Amino acid sequence: MNQDQVEQEIVIDAPIERVWAVLTESEYVGQWFGDGTPAPVDLRPGGIIQLDHGDHGRFPTKIVALDPPRALSYRWASGFPGVVADEANSTLVEFTLAAEGGSTRLKVVESGFTTRTPSPNPSPDDTRESHEEGWTAVIAKLGELSEKLAV
């Protein structure tokens, strides 16, 4: 097992454009990662997506790269609620989307667990293992929302 990263993927029964919209548009981001409230999204390299992780805090994630509708990456400083993510304090989250007929294969890789600056307030929710569990639930929600909206 690679202690530096989490890797998950699912196939979603929805076209790639719909999955991309759910992944990146403000009205949907808060539904698959958050409490359902629209999440502010500045969709450009260097832009910020405000992820609301409930009791864990709000996280200004910094977009690194995007290639609509195939790829999005951002930095997430999950040990530093309220702090803008940078290369030192964060992990890199990379989403890739690939069309498969009328469906979409969505892969998420989060890396940098062993090289990021440790949080001053360590939490069991900020571990590689916790994120592995979390991504399983999050991408399932993203998939369900994409499939529901694609009808």
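First, a word on what this report is: a plain description of the structure on this page. (Residues numbered from 1 in each chain as written. Predicted model: local features only at pLDDT ≥ 70, side-chain atom pairs only at ≥ 80, totals over all residues. Heavy atoms only, no water.)

In this section: the environment of Val93. Tracing the chain through its elements places Val93 in strand 5 (residues 91–100). With a relative accessible area of 0%, Val93 lands in the buried category. Discounting residues that sit within four places of it in the chain, Val93 has contacts with Leu72, Ser73, Tyr74, Trp76, Val108, Val109, Glu110 and Trp135. (Helix = DSSP H or I, 4+ residues; strand = E, 2+ residues; numbered from the N terminus. Buried < 20%, exposed > 50% of the residue type's maximum accessible area, 1.4 Å probe, protein only. Contact = heavy atoms within 4.5 Å.)

Here we take up the packing of aromatic side chains. This model, assessed by the stated rule, comprises eight aromatic pairs. When the ring of Trp32 is compared with that of Phe33, the centres are 6.1 Å apart and the planes differ by 90°; the resulting orientation is edge-to-face. In terms of burial, Trp32 and Phe33 fall into one category: buried. With a centroid separation of 6.1 Å and an interplanar angle of 75°, the aromatic rings of Trp32 and Phe95 are classed as edge-to-face. One end of the pair, Trp32, is in helix 2 (residues 26–32); the other, Phe95, is in strand 5, with 63 residues separating them in the sequence. Here the two residues Trp32 and Phe95 agree in accessibility, since each one is buried. Three or more aromatic residues link up through ring pairs in this structure, and these residues are Trp32, Phe33, Phe59, Tyr74, Trp76, Phe95 and Trp135. (Phe/Tyr/Trp six-rings, centres within 6.5 Å; stacked < 30°, edge-to-face > 60°.)

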